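# Observations on the three-dimensional arrangement
As a plain string of letters, each chain reads:
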Amino acid sequence: RQRLPRRHRQVDLAQGPRRLLGLLGVGEPDAVHLDLAAQGAGVDRSGRETGMIGPANVNVKSARLSPDGKSAAAALYDLETGSQDLWIFDLKTNAGRRLSAEPAGRDAAVWRPDSKKIAFGFGAPNETSGIRLRGLGEIDTQETTPASGFQIPLDWSPDGRFLAFMNVGLPRFANEQQSDIFLIDLALKNKIVPLLQSRFHESWSVFSPDGKWFAFA
């Protein structure tokens, strides 16, 4: 049985695939340890809060719904150990489990269109950081993509062929670090292809649902 981050409890999650994910603000500090926590929340398209995502008193850094609306991949920060990892939550049963039993830092989950695999940022001692791919099964193996400096996965193309990522983690510092956007062509042995590479700052890109357009900041 996997240990959930401290003070985990079952939470009510909204039903249906039309949910959007938002993050509530910083929660109340713990009276003893002075820990700060942020919990994930689901909201509908009118902005009405429909349920909480992730355990209480744990810092939910990010969460992303699967395309089929059945699961959410959340990056949870454990306040006891100071570690962070990805957890998969079933939105019908509220059950959650760690994506992988192997200790590592995982973040920024991106779902494949069929909801059977995710891409994520990866970091671990004595291993090359970058983007990893993994199925949801407990015995599924973790696939490595080519390393090319800092990488944050952004979106998966609707046809499943391309995975977009950016190469700067702090886009707010645009004057100091310029960000570019690249694609990993999964049909061509994970070849990295520059998409937006200029003197300007390009980040946080998404594919349109029909795959014909590409939006970015």
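Above this text sits the structure in question.
Reference entry: report on the structure contained in this document. (Residues numbered from 1 in each chain as written. Predicted model: local features only at pLDDT ≥ 70, side-chain atom pairs only at ≥ 80, totals over all residues. Heavy atoms only, no water.)

## A look at the sheet that holds strand 13 (residues 162-166)
To keep it simple, the criterion reads: For two strands to pair, DSSP has to find at least two bridges joining them. Here a strand is any run of E in DSSP of at least two residues, a helix any run of H or I of at least four, and the numbering for each starts at the N terminus. Only the stretch in contact is used when fitting a helix axis, every axis being a line fitted to C-alpha atoms; angles between N-to-C directions are given from 0 to 180 degrees.
Taken in spatial order, the 4 strands of this open sheet run 12-13-14-15, and their pairing is antiparallel. Sheet topology places strand 12 (152-156) and strand 15 (191-196) at the edges, where each strand pairs with a single neighbour. Taken over all neighbouring pairs, the strand axes of this sheet differ in orientation by 30 degrees on average, direction set aside. Of the pairings in the sheet, the one linking strand 12 to strand 13 comprises 4 bridges and is antiparallel in character.

## Some remarks on the pattern of salt bridges
As a reminder, the rule being used: Within this document, salt bridges are pairs made up of a side-chain nitrogen of Lys or Arg and a carboxyl oxygen of Asp or Glu, the two lying within 4 Å of each other.
Inspection of every chain in the model, using the stated rule, returns 7 salt bridges. As a salt-bridge pair, Asp114 and Arg112 come within 2.8 Å of each other at their nearest N and O atoms. Measuring nitrogen to oxygen at the nearest pair gives 2.5 Å for the salt bridge that ties Lys117 to Glu143. Here the residue Lys117 occupies a position in strand 9 (residues 117-123), and Glu143 occupies one in strand 11 (residues 142-144), the gap between them amounting to 26 residues. Connected through salt bridges with shared partners, the residues Asp85, Arg98 and Arg106 form a single ionic network.

## With respect to the nonpolar core
Applicable threshold: By nonpolar core is meant a set of buried Ala, Val, Leu, Ile, Met, Phe, Trp, Tyr and Cys residues that side-chain atoms within 4.5 Å join together. Think of it in three bands: residues with accessible area under 20% of the maximum for their type are buried, residues over 50% are exposed, and the middle band is partly exposed, with areas taken using a 1.4 Å probe on protein chains only.
Membership of the largest hydrophobic core comes to 13 residues, with the highest contact counts inside it found for Leu86, Ile88, Leu99, Trp111, Ile118, Phe120 and Leu136. Residue assignment for this core shows that the elements contributing at least two residues are strand 5 (71-77), strand 6 (84-90), strand 8 (105-111) and strand 9. With 3 residues, strand 9 is the single largest residue contributor to this core. In terms of nonpolar packing, the next biggest core, distinct from the first, is built from 9 residues, Val110, Ile131, Leu133 and Leu163 among them.

## Here we look at the side chain of Ser115
Keep this limit in mind: In the analysis that follows, any N or O atom pair within 3.5 Å is treated as a polar contact, provided that within protein one partner can donate a hydrogen and the other can accept it, and provided that, for residues neighboring in sequence, both atoms belong to side chains. Residue contacts are defined here by distance: any two heavy atoms, one from each residue, within 4.5 Å place the two residues in contact.
Inspection of the secondary structure assignment puts Ser115 in the loop between strand 8 and strand 9. Polar side-chain contacts of Ser115 include one of 3.1 Å to the backbone nitrogen of Asp68. Setting aside residues up to four positions removed in sequence, Ser115 forms contacts with Ser66, Pro67, Asp68 and Leu136.

## Considering the packing of aromatic side chains
When we look at a pair of aromatic rings, we describe it by the centre distance and by the angle of the planes. Filter applied, for reference: Planes of paired rings set the category: under 30 degrees apart is stacked, over 60 is edge-to-face and the rest tilted, where pairs are Phe, Tyr or Trp rings (Trp by its six-membered ring) whose centres lie within 6.5 Å.
Under the defined criterion, the tally for this structure stands at 2 aromatic pairs. Relative to Phe182, the ring of Phe165 has its centre 5.4 Å away and its plane inclined at 15 degrees; by these criteria the two rings are stacked. With Phe165 in strand 13 and Phe182 in strand 14 (residues 181-185), the pair connects residues that are 17 residues apart, well separated along the chain. The same class applies to Phe165 and to Phe182, which are both buried. Ring centres 4.9 Å apart and planes at 70 degrees place the aromatic pair Phe207 and Phe214 in the edge-to-face group. Classification of Phe207 as buried rests on a relative accessible area of 15%. Residue Phe214 is classed as partly exposed on the basis of its relative accessible area, which comes to 22%.

Such coordinate-based values are descriptive only and should not be taken to indicate function.
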